[in-house]
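# Reading the structure
The residues making up each chain are set out below.
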Amino acid sequence: MGQVKLMKGNEAFAEAVIRAGCDAYFGYPITPQSEVLEYLAAQEPHKRTGMVLLQAESEVAAINMVYGAAGTGKRALTSSSSPGISLKQEGISYMVGAELPCLILNVMRGGPGLGTIGPSQADYFQATKGGGHGDYKVIVLAPSSVQEMADFAGLGFELAFKYRNPVLILSDGAIGQMMEKVELSEQQPRTTSFDQSWVTTGKSPDRERNIITSLNLDPSKMELHNRKLQAKFAGMQENEVRYERIDCDDAEYLIVAYGSCARICQKTVKLARQKGIKVGLLRPITLFPYPTKIIQEMTGKIKGILTVELSAGQMVEDVRLAADGKVKVAFYGRMGGTTPAPNEVLGVLEQQFLNS
Amino acid sequence: MNEEIIIAGFGGQGVLSMGKILAYAGMMQQMEVSWMPSYGPEMRGGTANVTVILSDERISSPILNQYDTAILLNQQSLDKFEPSVKPGGILIFDPNGITRPPQRKDIQIHQVEAATEASRMMSSKTFNMIVLGAFLKLKPIVTLENVVHALQDSLPARHHHLIPANEEAIKRGMEIIRKVS
Amino acid sequence: MENQSVSTDEIVREENLVYKKTSLMTSKALSYCPGCGHGVVHRIIAEVIDEMGIQADTIGVAPVGCSVLAYEFLDIDMQQAAHGRAPAVATGIKRCWPDKFVFTYQGDGDLAAIGTAETIHACNRGENITIIFINNGIYGMTGGQMAPTTLPGMRSSTTPYGRDIALMGNPLKITEVVATLPGTYFVARHSVHTPLNARKTKKAMRMAFENQKLKKGLSFIEIVSNCNSGWKMTPTQANKWMEDNMFPYYPMGDIKVNGEMVKKKEEPKA
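Residues numbered from 1 in each chain as written. Chains lettered and ligands numbered in written order. Predicted model: local features only at pLDDT ≥ 70, side-chain atom pairs only at ≥ 80, totals over all residues.

## Remarks on the sheet that holds strand S5 (residues 102-108) of chain A
All names here are of chain A. Put simply, the test is: Pairing between two strands is assigned when DSSP locates at least 2 bridges connecting them. We count a stretch as a helix when DSSP gives it H or I for four or more residues in a row; a strand needs E for two or more, and each element gets its number in order from the N terminus. With axes taken as lines fitted to C-alpha atoms, and helix axes fitted only over the stretch in contact, angles between N-to-C directions fall between 0 and 180 degrees. Whether two residues are in contact depends on their C-beta atoms, placed from the backbone: they are in contact if these lie within 7 Å.
The strand order across the open sheet formed by 7 strands is S3-S2-S4-S5-S7-S6-S13, and the pairing between neighbours is mixed. Every interior strand has two partners, whereas the edge strands, strand S3 (52-55) and strand S13 (286-288), have only one. Each adjacent strand pair in this sheet contributes to an overall mean axis angle of 20°, direction not counted. Here helix H7 (residues 146-163) sits on the sheet in contact with S5, strand S6 (139-141) and strand S7 (166-172), set at roughly 160° to S7.

## A closer look at the interface of chain C and chain A
Applied cut-off: Side-chain classes are defined by residue name, with Ala, Val, Leu, Ile, Met, Phe, Trp, Tyr, Cys and Pro counting as nonpolar, Asp, Glu, Lys and Arg as charged, and the others, Gly among them, as polar.
Each side of the interface is counted separately: chain C has 29 residues, and chain A has 33 residues. Of all elements in the fold, only strand S1 (58-62), strand S2 (77-80), helix H4 (86-96) and helix H6 (116-125) of chain C reach the threshold of two or more residues within the side of chain C that touches chain A. Of the residues that constitute the side of chain C that touches chain A, the class distribution is 15 nonpolar, 7 polar and 7 charged. Where strand S9 (residues 211-212) of chain A and S2 of chain C come together, 2 bridges link them in parallel fashion. Its bridge partner lying in S2 of chain C, Ile211 of chain A is registered against Met78 of chain C.

## Notes on the environment of Ser220 of chain A
By the secondary structure assignment, Ser220 of chain A is in helix H9 (residues 219-239). The sequence separation of Ser220 of chain A and Pro291 of chain A amounts to 71 residues, and the corresponding C-alpha distance is 33 Å.

## Regarding the pairing of strand S4 (residues 76-80) of chain A
Regular strands have side chains that alternate between both faces of the sheet. Residues and elements named next belong to chain A. For clarity, the threshold we go by: Burial is judged by counting the other C-beta atoms within 10 Å of a residue's own C-beta: 20 or more makes it buried, 12 or fewer makes it exposed, and any count in between marks it as partly exposed, with every C-beta position built from the backbone. The handedness rule is simple: strands pointing away from the viewer, and a clockwise path from the first strand over the helix to the second, make the crossover right-handed.
Here S4 lies mainly inside the structure; 5 of its 5 residues are buried. Where burial is concerned, the two faces of S4 agree: the one with Ala76, Thr78 and Ser80 and the one with Leu77 and Ser79 are both buried. Note that strand S2 (residues 24-27) and S4 share 2 bridges and pair parallel. Looking at S4, one finds that Tyr25 is bridged to Leu77. Relative to S5, S4 runs parallel, the two being bridged by 4 bridges. In the sheet register, Ser79 faces S5, and the bridge partner there is Leu105. In this fold, S4 hands off to helix H5 (residues 82-97), which returns the chain to S5; that crossover is right-handed.

Here you go:
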C-alpha cells in the first residue's frame with residue numbers, strides 16, 4: 001500500500017504527475033486550478049525528478065510549449081480551467097493533427113465567458129466533440145474523487161502515448177478544491193519506454209529526418225491522414241470505455257452522471273433506496289469514448305433514465321442517442337457554479353417518473 | 001458513524017483550517033473523510049464555509065444541503081445555514097457580533113464565546129481551536145491526541161511552537177461551551 | 001566548322017566545381033518565388049549547422065507563412081508550429097533538451113503580429129534559442145496583405161491606397177523592442193540580397209548558434225527581405241525598392257552584441 005494523504009484534488013493531481021514520471025509542465029494561473037502550478041512550484045520537481053516546470057505567458061503559449069516538448073517524446077502536461085481551455089483549443093487541434101501525446105487537465109468552472117469560479121460541467125461538448133477546429137477527438141477522463149485525480153495522471157499519460165493523442169482530464173471546481181484521502185503510487189522513473197522513431201531530437205546519420213506537423217496541402221493525402229486519425233478514435237471506442245455501476249443490478253430507474261455530479265447522485269441513490277425506490281447510478285469515467293453500449297444494454301431493463309449534470313444538458317444528448325427512444329430520458333441540471341443537493345435530485349426523479 | 005458538518009464564518013477566522021484539522025484527525029482514526037470548501041476570490045474578509053464529512057463508510061456526496069452539525073461564526077452564516085440543520089441536529093455559534101440569535105426549537109443550540117476567550121488568552125489565532133474544542137465536547141468523534149497529531153502534520157515546522165497553545169485552546173473550548181436551548 | 005560540342009561529363013568535374021548544394025539541404029526543389037530571400041537564408045542555416053557539425057542535435061521550428069514548409073528543404077528534425085507560436089514551441093523543446101540547438105524561423109506577421117506575446121516573453125525569459133526573423137513587410141503566403149512591418153504609404157492587398165498610419169498604426173520595429181529586453185544576448189539586422197550581405201548574415205547566424213552552445217541567452221536575427229510577388233515588382237526592382245525604402249526604416253547592422261547595446265553612430269545630416 002502506498003502513502004495515504006489528505007489532499008485537495010488539484011494537489012493530489014500535481015503530486016501524482018510528478019510520481020507518474022512527467023517530464024514537463026507548462027501552465028498559467030486560473031481559479032479554480034491554480035493549486036496545480038503552486039503545488040508543483042513548491043515541490044521543486046526539477047530537484048525531485050528533473051521535471052521541467054514553467055509558468056507561461058498565456059494558456060496559448062503553455063499548450064504550444066507542451067506541443068514542442070511532446071514533439072521530442074517527452075511526457076508533457078498543462079492544466080487550466082474553462083476560459084483557459086478555450087484558449088488552448090488551437091494547440092490541442094494541432095497536437096491531434098500532428099499525433100502528439102500530452103495530458104491536459106480542465107478543472108471546469110461556470111461559463112459562458114468569464115462566468116464564475118464555482119464548479120460546472122458546461123464544457124462537456126467542448127471536451128467530447130472535438131473542441132477546436134477539424135474532425136478530432138481526445139480521450140476524456142472524468143474523475144469523481146481526489147483518488148481518481150491522482151490515478152488518472154498515470155493512466156492519462158499511458159493512454160496518450162498508446163494512441164499518440166492528447167488526453168483530457170475533465171474535472172471541475174468541486175473535485176479540484178475538495179480534500180479527501182488519497183493513496184499515492186510509488187515514484188515512477190522519468191525514462192521513456194515507447195517507440196521513439198517519430199521524435200524530433202536531432203537527425204542522426206542512421207535515420208531519416210523527423211517532422212512534426214499537422215499540415216498536408218495535398219487533399220488526397222490529408223484525407224488519408226484523417227482516415228488514419230478516425231481509425232485511431234474508433235480503436236479508442238473499441239478498447240478504452242470505462243464506467244462504474246452502482247446499485248444497478250435490480251434498478252428500475254437509472255441515474256447517469258459523471259464527475260462531482262455522480263458523487264451527489266450516489267447519495268441520491270442511497271436516499272431513494274431508503275424510500276424503497278430502486279435506483280441505480282451509471283457513472284461514465286471516459287466521456288470519449290462514451291459508454292454507449294452499456295446504456296443500450298440497460299435500456300431494456302429499466303423504466304426511465306435521469307441524467308444529472310452541472311450544465312443546461314450536454315451529456316444527456318449522448319444518453320438519448322444511446323437510449324434511442326426506447327426509454328424516457330429526463331434531465332436535471334444546475335448551472336453557473338451551483339450544485340444540486342442529493343434530495344433535490346431525488347425530488348426530480350420522483351416527479352419525473354413516480355408522480356405521473 | 002456518519003457525521004456531516006458545515007463550518008461557516010468570515011474568511012480569516014480559520015474556518016477552513018479548522019475543518020482540515022478535523023478531517024485529518026478523522027483520517028488518522030481510519031475514517032473516510034471529505035473536506036469541501038466554498039472557494040472564492042476573497043483571500044480575507046469575505047465569507048468562507050466548508051463541509052466536512054467523517055464516516056465509517058465510503059462518502060457519497062461531498063456536497064450537502066442538510067447537516068448533522070452546523071458551526072456558524074457570523075451573522076450571515078447563521079442566517080444562511082440555521083435552516084439547514086437536520087431536525088435533532090446541533091448548532092454551535094459564537095454570540096460575538098450576533099444580533100439575531102438562532103430560533104429553531106427542533107435542534108440543540110449551543111454557544112461558545114470563542115472570540116472573547118481568544119482575546120482573553122491573548123491569542124486571536126486560537127479562535128478556531130476553541131470552537132473545535134467546543135464541538136468535540138459535544139461530539140467526541142476524534143480524540144484530542146489525534147487532533148494534536150493533525151496539527152503537527154499539517155502545520156509547517158516553523159509554527160510547531162504554537163501547538164501547545166492550540167491544545168490549550170481546544171481544552172478551553174470544551175470547558176466554555178454552553179447549551180442555550 | 002568542326003564539331004566542338006562538350007559532353008556533360010567533361011564539364012562536371014571536381015576541378016570545375018565553383019558551387020554546390022549544401023549537404024543539409026534536401027533535394028526537393030525550393031517552392032519560393034524566384035528572387036525571394038528564403039532560399040538563401042535556408043542555405044545559410046544549413047551551412048552553419050553543417051559546419052558546426054550539429055545536425056544530430058538541432059531542432060528547427062517552422063512557422064505559418066511562406067516558410068511553413070521550411071522542413072521540406074532542410075535535412076534536419078523540425079516541428080511545424082501554429083501561427084505565431086514558434087517561440088513557445090521552441091521553449092518547450094529547449095527546456096526539455098537544454099543541450100540541443102533550437103531555432104525558430106518566422107515571418108513578420110507570425111513573429112510581430114499574432115505571435116508578439118510569445119516573441120516578447122521568450123526573449124524576456126532569455127530562452128537559449130535562436131530566432132530568425134524574415135521581414136519583408138507583407139503577408140506573402142496569404143497574398144500580400146498588410147503586415148505589422150508594412151511601411152507607411154506602402155501598398156498591400158488590404159491597404160490598396162497605401163498604409164495610412166492614422167488608421168493602421170505604425171510599422172513595428174520589434175527587433176529594436178526585443179533588444180531592450182535583458183534576456184536577449186545578440187540582436188542584429190541583416191539582408192541576403194547581395195553576396196556581401198549574405199556573408200554578413202552567415203557570420204551573424206554562426207554567432208547566434210555559437211551563443212546557444214555557450215548558453216548565453218537568446219539570439220535574434222532579423223533579415224530584411226523582399227517579396228517581389230507581393231510587392232508586384234520584378235526581383236531586381238524589389239531589391240532596389242528594398243534598399244531605397246526598407247533599409248532606411250530598418251537599418252542594417254548589430255543592435256545588441258554580447259548582451260550590450262551597440263552605440264549608434266551619429267546619422268549624417270542630409
